[in-house]
Amino acid sequence: MFRLTRPLLQALKQTTGIHGLSVHPDPLPELVKTYEATLSTLSTIPQTSVYRQGVEALVRHKLNIVNNAKGDISAAESQLQEGHIEEALDIAADELSLAAKMVEWKAWEPLEEKPAPGQWEYAGVANDS
């Protein structure tokens with residue numbers, strides 16, 4: 001009897017069913033590479049940055065899921081809860097792109113201009129910055 005392995009199933013997968021989202025032939029190594037690149041980019045942001053802390057924790061969690069899946073694409077898909085593994089790849093690429101922009105923008109630095117009075121007031125809560 002012929003048994004289909006996960007890599008073979010991925011190779012036989014013809015479509016994701018999502019317009020513009022192609023099937024990736026070997027998505028898990030690519031996902032690991034993207035997560036590691038994001039962590040590397042985040043390491044250039046100060047550790048005190050709330051953005052770095054949050055994204056770093058999330059990416060490490062997702063990287064652990066992919067590593068613990070041991071090549072099982074469906075296990076990674078179900079634990080990541082991001083739809084098809086190709087969608088997880090898109091999300092990871094977007095996060096890497098945003099991390100690079102945050103480094104470029106130096107979003108952790110103080111504002112160059114003082115905000116206008118009332119600019120940061122929400123729902124009646126005043127911020128005396």
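Residues numbered from 1 in each chain as written. Predicted model: local features only at pLDDT ≥ 70, side-chain atom pairs only at ≥ 80, totals over all residues. Heavy atoms only, no water.

K.L.:
Just to check I follow, could you spell out the environment of Q79 for this structure?
P.N.:
Structurally, the position occupied by Q79 is in helix 4 (residues 73-80). Overall, Q79 belongs to the partly exposed group, its relative accessible area being 47%. Distance in space between the C-alpha atoms of Q79 and A69 is 8.9 Å, their sequence separation being 10 residues. (Helix = DSSP H or I, 4+ residues; strand = E, 2+ residues; numbered from the N terminus. Buried < 20%, exposed > 50% of the residue type's maximum accessible area, 1.4 Å probe, protein only.)

K.L.:
What is the right way to read the pattern of salt bridges from this model?
P.N.:
Opposite charge on two side chains permits them to pair, given that their charged atoms come into close proximity. Summed over the entire model, instances satisfying the criterion amount to three salt bridges. Residues E82 and K62 are paired through a salt bridge, measuring 2.4 Å at the closest nitrogen-oxygen approach. Of this pair, E82 sits in the loop between helix 4 and helix 5 (85-105) while K62 is found in helix 3 (residues 50-68), placing the two residues 20 residues apart along the sequence. Residue E82 shares its accessibility class with K62, and that shared class is buried. Through salt bridges with shared partners, a single ionic network connects R52, E56 and R60. (Salt bridge = Lys/Arg side-chain N within 4 Å of Asp/Glu carboxyl O.)

K.L.:
Sorry if this is basic, but what is going on with the nonpolar core here?
P.N.:
Generally speaking, soluble globular proteins have nonpolar side chains that are buried together. Within the largest apolar cluster, 23 residues are counted, with the highest numbers of intra-cluster contacts made by L31, Y35, Y51, V66, L80 and I85. Secondary structure elements with two or more residues in this core: helix 2 (27-42), helix 3, helix 4 and helix 5. (Core = buried A, V, L, I, M, F, W, Y, C linked by side-chain atoms within 4.5 Å.)

K.L.:
What is the right way to read the packing of helix 3 against helix 5 from this model?
P.N.:
The description of two helices packed together rests on the angle between their axes and the distance between the axes. Contact geometry of helix 3 with helix 5 gives a least axis separation of 12 Å together with a crossing angle of 155°. Put simply, helix 3 runs roughly antiparallel to helix 5. Classified by chirality, the crossing of helix 5 by helix 3 is left-handed. In this structure, helix 3 contributes Y51, V55 and K62 to the contact, and helix 5 contributes I91, E95, L98, A99 and M102. Grouping the amino acids of the contact of helix 3 with helix 5 by side-chain chemistry returns six nonpolar, no polar and two charged. (Axes fitted to C-alpha atoms, helices over the stretch in contact; angles between N-to-C directions. Parallel < 35°, antiparallel > 145°, perpendicular 65-115°, else oblique. Left-handed = near helix turned anticlockwise from the far one by under 90°. Contact = heavy atoms within 4.5 Å. Nonpolar A, V, L, I, M, F, W, Y, C, P; charged D, E, K, R; others polar.)

K.L.:
Where do I start with the packing of helix 2 against helix 4 in this structure?
P.N.:
The N-to-C vectors of helix 2 and helix 4 enclose an angle of 45°; their axes lie 10 Å apart at closest approach. In terms of orientation, helix 2 lies oblique with respect to helix 4. Residues P27, L28, L31 and Y35 of helix 2 lie in contact with helix 4, whose contacting residues are I73, A76 and L80. For the contact of helix 2 with helix 4, the residue count by class is seven nonpolar, no polar and no charged.

K.L.:
Looking at this structure, I do not really get helix 3. What am I missing?
P.N.:
Quick reminder: α-helices carry 3.6 residues per turn. Residues three or four places apart thus point the same way. Across its 19 residues, helix 3 extends 27 Å between first and last C-alpha, which sits within 8% of the 27 Å expected from 1.5 Å per residue. Check the buried side of helix 3 and you find it contacts helix 2, helix 4 and helix 5. The backbone nitrogen of Y51 has a side-chain oxygen 3.3 Å away, supplied by the residue at the start of helix 3, namely S49. The first or second residue beyond helix 3 is K70, which carries a positive phi of 50°. (Expected span 1.5 Å × (residues − 1). Polar contact = N/O pair within 3.5 Å; in protein donor to acceptor, adjacent residues only side chain to side chain.)

K.L.:
Explain helix 2 to me, please; I cannot follow it from the model alone.
P.N.:
Helix length check: helix 2, at 16 residues, gives a terminal C-alpha distance of 22 Å against a target of 22 Å (1.5 Å per residue), a fit within 8%. Residues of helix 2 that are buried include every one of P27, L28, L31, V32, T34, Y35, T38, L39, T41 and L42, and no others.

In short, geometric facts, not functional conclusions.
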